[in-house]
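# Inside the fold
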Amino acid sequence: MNAPATIDRDLRADFPGLVTRDGAPWHYLDTAATAQKPRPVIDAMSRALGEDYATVHRGVYARSAEMTLAYEGARRRIAQFLGGHEDEVVFARGATEAINLVANSWGRANLQPGDRILLSQLEHHSNIVPWQMIARETGAEIDVVPLTDDHRIDLDAAEDMLTERHKLVALCHVSNVLGSVLDAPRAATMAHKVGAKLLLDGCQSAPHMPVDVTALGCDFYVFSAHKLYGPTAIGALWARSDILQNMPPWEGGGAMIDRVTFEGTTYAPPPQRFEAGTPAITEAVAFAAAADYVTEIGLDTIHQREAALVARLRRELVAMNDVTVFGPDESAGIVSFAIDGIHPHDLGTILDEANVAIRAGHHCAQPLMDYLGVPATARASFGLYSSDADVDALIEGIARTRRIFGKE
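What this report covers is the structure whose coordinates are included nearby. (Residues numbered from 1 in each chain as written. Predicted model: local features only at pLDDT ≥ 70, side-chain atom pairs only at ≥ 80, totals over all residues. Heavy atoms only, no water.)

### What to know about the overall build of the protein chain
Put simply, the test is: Strands are runs of DSSP state E lasting at least two residues, helices are runs of H or I lasting at least four, and both sets are numbered from the N terminus onward. Within these notes, the globule rule equals 2.2 Å times the number of residues to the 0.38 power, and the radius of gyration is based on C-alpha atoms. In this scheme, a residue with accessible area under 20% of its type's maximum is buried, one over 50% is exposed, and one in between is partly exposed, where area comes from a 1.4 Å probe on protein chains only. By definition in these notes, contact holds between two residues if any of their heavy atoms fall within 4.5 Å. We get accessible surface area from the Shrake-Rupley algorithm with a probe of 1.4 Å; when it comes to residues, only the shown protein chains can shield them.
Counting its secondary structure elements, the protein chain contains 13 helices and 15 strands. Scaling as 2.2 N^0.38, a compact globule of 408 residues should have a C-alpha radius of gyration of about 22 Å, and the protein chain matches this with 22 Å. Out of the 408 residues in the protein chain, the part that is buried amounts to 55%. When contacts within the protein chain are restricted to residue pairs at least 6 apart in sequence, those whose partners lie at least 24 apart make up 70%. When the accessible surface of the protein chain is totalled, it reaches about 17100 Å², and 50% of it is carbon and sulfur.

As structure tokens, this is what we get:
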């Protein structure tokens, strides 16, 4: 295995949130839930809220025109980040809204009774519930792909399940619980072979590895800015332009129209057709700053560093005979585990006393918890600012927890 890629500066210094209020290091291992924000993103949003602020797409005065250029420049930057074109990127409140947009626009227009949607056992609730809702409305049905023994989406099983009745395959690119990485090009080939579209939930892939939607072969790709070291309340839907052109709007209001009369309304072309109302202007600018930040560091470098931390933590945990580690050995920045006789919530509470922050719970993936046969897991998830010191603190905290529970 190659040595982890090096970075020529202390990235933690860019993140004001990585210290406690008394100045001690905070070992933040919950990046899969939301990432800490670097100073360049904070500064970009502050400028956009302050001296640069104005509305977009409406004013004829200079600052409004400048802010419009910045907003549309952010769209262009996110498109470049994904390997797409700016007319293929729709800003949404996050991946959840982006999936709901696809379900309520494309789904309503294309799904009929008897059609089928293919999901997997490890999907986030946001890639399950919208499809359940639209399936009830349209008469479509949902199939669920099982997992392999090492907790990856079983694409062999998926291939056997797919039929020409399937119109959509919606899968997470990287599991938010297990860190397992989908072979997306293969999934795309399988879906397209039966005439289905492929939607990828990219919330856990975009921050951790290079993404090229053309190479992936997907038809829809969604992700959230706050997991990419950007602000909350904004994310993106990328979709092939020919698909977007044929999708009807799902929300009505200002900005998404061409002409409104009481006799009828015509709509703007994509992507504006799907962005009703005043958009998240400052958030979009900060979103682009976050994409710039991770691009400067290098997503290959980020992935390699996080993979090394995952490998080390898994080795440490597997050596404990009362710990179950879930997911494949190679995962994208995420390790979920359970300790016999210690509830993850208890572990998380005790770790917090030592300034170690993990996630404990079902991770918005209750069907996966049922599949694994546990009510919850403890999850450590890494970011580009994570280090061996964070792993050290976690292992020490686990040892202390085991002593408190009389296990050592």
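### Remarks on the layout of surface pockets
Threshold: Both site types are read off a 1 Å grid over the protein atoms alone. A 1.4 Å probe that fits but cannot get out defines a cavity, while an open set with protein on both sides within 12 Å along at least five of seven lines defines a pocket; lining residues have an atom within 4 Å of a point. Grid points are joined across faces, edges and corners, and a volume is the space filled by probe spheres set on the points. Each residue is assigned to one of three groups, with Ala, Val, Leu, Ile, Met, Phe, Trp, Tyr, Cys and Pro labelled nonpolar, Asp, Glu, Lys and Arg labelled charged, and all others, Gly among them, labelled polar.
Its volume calculated, the largest pocket comes out at about 330 Å³. Take the lining of the largest pocket: its biggest share by element is 4 residues, from helix α3 (residues 95–110). Per-class residue counts for the lining of the largest pocket are 9 nonpolar, 10 polar and 7 charged. Each pocket or cavity is described by its volume, and for the second largest pocket that value is around 250 Å³.

### Re the sheet that holds strand β15 (residues 377–381)
Worth spelling out the cut-off: When DSSP finds two or more bridges between two strands, those strands count as paired. Angles run from 0 to 180 degrees between N-to-C directions of axes, and those axes are lines fitted to C-alpha atoms, restricted for helices to the stretch in contact.
With antiparallel pairing, the 4 strands of this open sheet are ordered in space as β11-β12-β15-β14. Of all the strands in the sheet, the pair left with one neighbour each is β11 (323–326) and β14 (359–361). Neighbour-to-neighbour, the strand axes of the sheet open up by a mean angle of 30°, direction not taken into account. In the sheet, β14 pairs with β15 via 3 bridges, with the strands oriented antiparallel. The residue bridging A360 from the neighbouring strand is A378, located in β15.

### A short note on the state of the cysteines
Our working rule: Sulfur atoms of two cysteines make up a disulfide when they are within 2.5 Å.
Per the counting criterion, the structure on display carries 0 disulfides. Free cysteine: C172, not disulfide-bonded; nearest cysteine sulfur from C203 at 9.8 Å. Owing to a relative accessible area of 4%, C172 belongs among the buried residues under this scheme. Its relative accessible area of 10% is what places C203 among the buried residues.

### Here's the deal with the nonpolar core
Let me state the cut-off plainly: Nine residue types can take part in a nonpolar core, namely buried Ala, Val, Leu, Ile, Met, Phe, Trp, Tyr and Cys, and a core is a set of them joined through side-chain atoms within 4.5 Å.
Counting 74 residues, the largest nonpolar core has Y221, F223 and L384 as the members making the most contacts within it. Setting aside residues up to four positions removed in sequence, L384 forms contacts with L11, F15, Y229, Y293, V294, I297, I302, R305 and E306. Among the nonpolar cores identified, the runner-up in size contains 28 residues, and V90, L101, A103 and A140 belong to it.

### Things to note about the side chain of E283
Quick note on the threshold: Within this scheme the basic residues Lys and Arg register as positive and the acidic residues Asp and Glu register as negative, but His and the chain ends are omitted. What makes a salt bridge here is a side-chain nitrogen of Lys or Arg within 4 Å of a carboxyl oxygen of Asp or Glu, nothing more.
Turning to its location among the elements, E283 is positioned in helix α9 (residues 281–297). Although E283 is buried, it makes no salt bridge; R93 carries the closest opposite charge, 11 Å away. Excluding residues within four positions of it along the chain, E283 makes contact with M45, P231, T232 and I234.

### Some points on the pairing of strand β5 (residues 166–172)
Here is the rule we go by: A crossover gets the label right-handed when its path from the first strand over the helix to the second runs clockwise, viewed with the strands pointing away from the viewer.
When you tally the buried positions in β5, you get 6 out of 7 residues, the bulk of the element. Taken together, the 3 bridges between strand β3 (residues 116–120) and β5 define a ladder with parallel strand orientation. Bridge assignment links R116 to a residue of β5, and that residue is H166. Note that the unit made of β5, helix α6 (residues 184–193) and strand β6 (residues 197–201) has a crossover that is right-handed.

### What to know about the packing of helix α1 (residues 39–49) against α9
As a reminder of what qualifies: Any angle that is under 35 degrees is reported as roughly parallel, and any over 145 degrees as roughly antiparallel; angles of 65 to 115 degrees are reported as roughly perpendicular and all others as oblique. By the definition used in this description, the sense in which the near helix is turned from the far one sets the handedness, with an anticlockwise turn below a right angle giving left-handed and a clockwise turn giving right-handed.
Look at α1 against α9: their axes get within 8 Å of each other, and the N-to-C directions meet at 155°. Here α9 runs roughly antiparallel to α1, going by the angle between their axes. At the point where α1 passes α9, the crossing takes the right-handed sense. Two secondary-structure elements touch here, α1 through P40, V41, A44, M45, A48 and L49 and α9 through T282, E283, V285, A286, A289, A290 and Y293. Residues that form the contact of α1 with α9 fall into these classes: 11 nonpolar, 1 polar and 1 charged.

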